[in-house]
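Chain by chain, the residues run as shown.
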Amino acid sequence: MTTLPPAPRPCLTCPYRRDVPSGVWSPRDYEKLPRYDGETWEQPARVFICHQHDKDDIDVRVCGGWAGCHDGDHLLALRIAVIEGGITTATADAIRDYTSPVPLFTSGAEAAAHGMRDLNTPGTEALRAMDKIKRTRGQRP
């Protein structure tokens, strides 16, 4: 299976988007985000997949927020994915060239801090987003 390039815009519940309410995703999901902020050699080796897809979906895509937030030239996961055949060079180029049409946090750490802020008391908008995700994926986010 080859991972597709990011969608034209990050999904409506992307943890990198500034307009997504806090507390939508699990602590485990938010804890992944800052790890891509580090030096290339200390980053995770796997590309960040859009939360709208399960990892086993046929049409799995790279997260648009991840592509837009992080400098693709310095992403270890991007380099490894090309070498291992998980993404094509065209997809790698699309990730490097990606510009989000919606405002994103400037780092994974900033996105994670926002997302985790209301984990224990998510607001109405966060609860709506979680319900939508549960319906779409058939599980709890």
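Residues numbered from 1 in each chain as written. Predicted model: local features only at pLDDT ≥ 70, side-chain atom pairs only at ≥ 80, totals over all residues. Heavy atoms only, no water.

A. Broad picture of the environment of V20. By the element assignment, V20 lies in the segment before α1 (27-32). Residues V20 and R128, spaced 108 residues apart in sequence, show a C-alpha to C-alpha distance of 11 Å. Those residues in contact with V20, other than ones at most four positions away along the chain, are L12, T13, C14 and H114. (Helix = DSSP H or I, 4+ residues; strand = E, 2+ residues; numbered from the N terminus. Contact = heavy atoms within 4.5 Å.)

B. Region of the structure containing the state of the cysteines. Throughout the structure, instances matching the rule amount to zero disulfides. Here C50 is not cross-linked by a disulfide; its sulfur's nearest cysteine counterpart is in C11, at 4.0 Å. Here C50 falls in the buried class, since its relative accessible area comes to 11%. No disulfide involves C63; its nearest neighbouring cysteine sulfur is the one of C14, lying 3.7 Å away. Under the relative-accessibility criterion, C63 is labelled buried at 2%. (Disulfide = S-S within 2.5 Å. Buried < 20%, exposed > 50% of the residue type's maximum accessible area, 1.4 Å probe, protein only.)

C. Quick peek at the pattern of salt bridges. This structure, assessed with the given rule, holds eight salt bridges. Ionic pairing is found between D73 and R96, a salt bridge with its closest N-O pair at 3.5 Å. Here the residue D73 occupies a position in the loop between α2 (64-69) and α3 (76-84), and R96 occupies one in helix α4 (residues 89-97), the gap between them amounting to 23 residues. On the basis of relative accessibility, which here comes to 45%, the residue D73 falls in the partly exposed class. (Salt bridge = Lys/Arg side-chain N within 4 Å of Asp/Glu carboxyl O.)

D. Region of interest: the nonpolar core. In this structure, Y16, V24, L33, Y36, F48, W66 and I95 are the most contacted members of the largest nonpolar core, which totals 34 residues. Secondary-structure elements contributing two or more residues to this core are α2, α3, α4, α5 (108-117) and α6 (124-137). In terms of residues, this core owes the most to one element, α6, which gives four residues. With near-sequence residues (within four places) excluded, F48 lies in contact with Y16, K32, L33, Y36, V62, C63 and W66. (Core = buried A, V, L, I, M, F, W, Y, C linked by side-chain atoms within 4.5 Å.)

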